[in-house]
Amino acid sequence: AQSVTQLDSHVSVSEGTPVLLRCNYSSSYSPSLFWYVQHPNKGLQLLLKYTSAATLVKGINGFEAEFKKSETSFHLTKPSAHMSDAAEYFCVVSLPDTGRRALTFGSGTRLQVQP
Amino acid sequence: DAGITQSPRHKVTETGTPVTLRCHQTENHRYMYWYRQDPGHGLRLIHYSYGVKDTDKGEVSDGYSVSRSKTEDFLLTLESATSSQTSVYFCAIRPGQGSGANVLTFGAGSRLTVL
């Protein structure tokens, strides 16, 4: 079985300060991991993905995430927050050979960016 | 959201009436999914399809049925809508092969209100 836990339901930062959104996963196999972003009243958009290549993954809009197998973590970071980053972020885990099975979503972290 | 459209985008209905949501894709992806999104629950899988006429239940399938008679269309039906099915419904597609095999692409969502 696989699961994913997003450790913070809400994160608030000031514009220009670093962003850290935390995600821990549980999987019996080497997983694929993803971060998705959802802006208000929109669908989900892929930010970045890890699929067993480089452990530091760069995504869109300056975001990156580091896969740490020893810590079973895949935290999302950005050096400097922008107002447009305010959104909900979802960490997602799947097995490498997902086949028919779907991906497992975390419960989401809402990021607020203060001016 | 390129390649995937949901209809209707908004619907208000009364308890006990049937409702059908449609997901249409132009990407020829094998896998299609229906999720519901509710505050505090993230995204929960209702049903998914791994090919024409091949479907399976997700974690919250009670009260829902699906059909996929063509690759491009995946229908979600609420036979007799209840207030607990008030939610935002998202369709997603996934190739199942190639470098983006596990990457989901989401529709813009369908907001359903059951009075």
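The structure we're discussing is the one just above.
Notes on the structure in this doc start here. (Residues numbered from 1 in each chain as written. Chains lettered and ligands numbered in written order. Predicted model: local features only at pLDDT ≥ 70, side-chain atom pairs only at ≥ 80, totals over all residues. Heavy atoms only, no water.)

Time to look at the interface of chain B and chain A. Listed by partner, the interface residues are 20 residues for chain B and 23 residues for chain A. Here chain B meets chain A over a buried area of about 1600 Å², counting both sides, of which 55% is carbon and sulfur. Taken together, the connections running from chain B to chain A amount to 0 salt bridges. Taken together, the links from chain B to chain A amount to 2 residue pairs in polar contact (both at pLDDT 80 or more). When contributions to the side of chain B that touches chain A are tallied by element, the ones reaching two or more residues are β4 (31–38), β5 (42–51) and β9 (87–94) of chain B. When residues in the side of chain B that touches chain A are grouped by element, the largest group, 5 residues, is from β5 of chain B. When its residues are assigned to classes, the side of chain B that touches chain A shows 12 nonpolar, 6 polar and 2 charged. (Contact = heavy atoms within 4.5 Å. Buried area = accessible area lost by both parts, 1.4 Å probe. Salt bridge = Lys/Arg side-chain N within 4 Å of Asp/Glu carboxyl O. Polar contact = N/O pair within 3.5 Å; in protein donor to acceptor, adjacent residues only side chain to side chain. Helix = DSSP H or I, 4+ residues; strand = E, 2+ residues; numbered from the N terminus. Nonpolar A, V, L, I, M, F, W, Y, C, P; charged D, E, K, R; others polar.)

Take the packing of aromatic side chains next. All names here are of chain A. Tallied over the full model, the rule gives 15 aromatic pairs over all chains. With a centroid separation of 6.3 Å and 40° between ring planes, the pair formed by Y36 and F105 is classed as tilted. Within this pair, whereas Y36 is found in strand β5 (residues 32–38), its partner F105 is found in strand β11 (residues 104–105), the two being separated by 69 residues in sequence. Ring centres of Y50 and F67 lie 4.2 Å apart, and the angle between their planes is 15°; this geometry places the pair in the stacked category. Of this pair, Y50 sits in strand β6 (residues 44–50) while F67 sits in strand β8 (residues 64–68), and the two are 17 residues apart along the sequence. Accessibility expressed as a relative area gives 9% for F67, which makes it buried. (Phe/Tyr/Trp six-rings, centres within 6.5 Å; stacked < 30°, edge-to-face > 60°. Buried < 20%, exposed > 50% of the residue type's maximum accessible area, 1.4 Å probe, protein only.)

A few words on the sheet that holds strand β1 (residues 4–7) of chain B. All names here are of chain B. Taken together, 4 strands build an open sheet; the order of strands is β1-β3-β8-β7 and the sheet is antiparallel. Because the sheet does not close on itself, it has two edges, and the strands there are β1 and β7 (64–70). Averaged over neighbouring strand pairs, the angle between their axes works out to 15° when direction is ignored. Summarising the sheet, strand β3 (residues 19–25) and strand β8 (residues 73–78) pair through 6 bridges and their orientation is antiparallel. Looking at the pairing, V19 lines up with L78 of β8. (Pairing = 2+ DSSP bridges. Axes fitted to C-alpha atoms, helices over the stretch in contact; angles between N-to-C directions.)

In this model, S7 of chain B is joined to P8 of chain B through a cis peptide bond whose omega is -10°. On the secondary structure map, P8 of chain B appears in the loop between β1 and β2 (10–13). Backbone geometry at N41 of chain A places phi at a positive 60°, although glycine is not the residue there. By secondary structure assignment, the location of N41 of chain A is in the loop between β5 and β6. Look at T72 of chain A: it is not a glycine, yet its phi comes out positive at around 45°. Here T72 of chain A lies in the loop between β8 and β9 (73–78).

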